Amino acid sequence: MTYQSIRLTQRPLSQDGTTQGGTVATLTLAAKMGSMGPAFWQEFPQALSELGDARVLIVRGEQVFSAGLDVKSNGAAIVPALGKPDAFKAVVDEMHAVTEGLAALPMPVIAAVHGWCIGAGLELIAGADLRLCSQDARFSLPEVKLGITADLGGLQRLPHLIGRGRTAHLALTGEAIDAATAERWGLVTEVLPDQDALFARAEALAEHLAALPAKALEGTKRALSDGLPHAESLAAAVRWNAEHMTVEALQAGMKKG
């Protein structure tokens, strides 16, 4: 499929006994400034459905990561729905298919952020598993300045990543934070010197993840996000291992050390 606002590429992995075949997929936000207009909300879920045998997904931008929701172009759908809860929910449900769809993927998702990551862009990467950025990255959740309560998952996911107080600072003030602050707060785990180093690191990390057993990665993602009480989450992890752990993977891992 030809996309207007995104670009999906998949790089085959060698079947050398470590990667078990498959691909590393990269989804690039390709609209100007990574803005999220009507086409983006339609195309992104379609791209997720086309990942096929991808083992890892990298999400990145071009000029910057994302300037967030394109309020002007989305206004044709949003404005008529204001004051009409059912109609407004239908509009936002289409956007949730993006943020919730990304978070629900069974494979690891790496967000590689350079430049601005604003609003819906920040809510999008909150659903990734690993977040890296370059030194020029800036993050903000400025919805309150437009009279909006962020409703694409950021207020639900960010407190688990950076704490309620820091999420409140971002969401209530609308102020931006830089890369060093994002790393200190735990929003990102690594800060790279520049865009080239960032994308190289994301690719290397994807290669590392792709060499690991897919079911073990999926089970780990489930345990990290299941939201169950402690005992139930433990029991679910045990069941997952009972159903998916293999002697072959165990032996291969022991050989690698």
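On a predicted model such as this, the values are computed, not experimentally measured, just so you know.

Asker: So what about the packing of helix 2 (residues 71-78) against helix 3 (residues 85-103)? Which residues, and what values?
Answerer: Interhelical geometry of helix 2 versus helix 3 gives an angle of 135° and a closest axis separation of 10 Å. Between helix 2 and helix 3, the interaxial angle falls into the category oblique. For the pair helix 2 and helix 3, contact is made by Asn74, Ala77 and Ile78 and by Phe88, Val91 and Met95, respectively.

Asker: Before we move on, can you summarise the domain arrangement of the protein chain with the specific residues and values?
Answerer: As far as domains go, the protein chain holds domain 1 (6-211) and domain 2 (214-255). In this structure, domain 1 and domain 2 have C-alpha centres spaced 26 Å apart. Facing the nine residues of domain 1 at the interface are four residues of domain 2. Taking both sides of the interface into account, the surface hidden between domain 1 and domain 2 amounts to around 490 Å²; carbon and sulfur atoms contribute 53%. Along the contact surface separating domain 1 from domain 2 lie one salt bridge. At the boundary of domain 1 with domain 2, the tally comes to three residue pairs in polar contact (both at pLDDT 80 or more). A per-class count over the side of domain 1 that touches domain 2 returns seven nonpolar, no polar and two charged.

Asker: I'd like a description of the pattern of salt bridges, backed by residues and values.
Answerer: Evaluated as defined, the whole model comprises nine salt bridges. For Arg7, the salt bridge identified is with Glu62, shortest N-O distance 2.8 Å. Of the two residues, Arg7 is situated in strand 1 (residues 6-12) and Glu62 in the loop between strand 3 (54-61) and helix 2; the sequence distance between them amounts to 55 residues. The exposure class assigned to Glu62 is partly exposed, which follows from its relative accessible area of 25%. A salt bridge links Arg11 to Glu207, with the shortest nitrogen-to-oxygen separation between them at 2.6 Å. Highlighted residues: Arg11 in strand 1 and Glu207 in helix 8 (residues 195-210), separated in sequence by 196 residues. Of the residues examined, Arg11 reaches a relative accessible area of 30% and is grouped as partly exposed. The structure contains a network of salt bridges with shared partners spanning Arg11, Glu203 and Glu207.

Here is what the cut-offs are and how they apply
Residues numbered from 1 in each chain as written. Predicted model: local features only at pLDDT ≥ 70, side-chain atom pairs only at ≥ 80, totals over all residues. Heavy atoms only, no water. Axes fitted to C-alpha atoms, helices over the stretch in contact; angles between N-to-C directions. Helix = DSSP H or I, 4+ residues; strand = E, 2+ residues; numbered from the N terminus. Parallel < 35°, antiparallel > 145°, perpendicular 65-115°, else oblique. Contact = heavy atoms within 4.5 Å. Domains from an automatic or database assignment. Buried area = accessible area lost by both parts, 1.4 Å probe. Salt bridge = Lys/Arg side-chain N within 4 Å of Asp/Glu carboxyl O. Polar contact = N/O pair within 3.5 Å; in protein donor to acceptor, adjacent residues only side chain to side chain. Nonpolar A, V, L, I, M, F, W, Y, C, P; charged D, E, K, R; others polar. Buried < 20%, exposed > 50% of the residue type's maximum accessible area, 1.4 Å probe, protein only.

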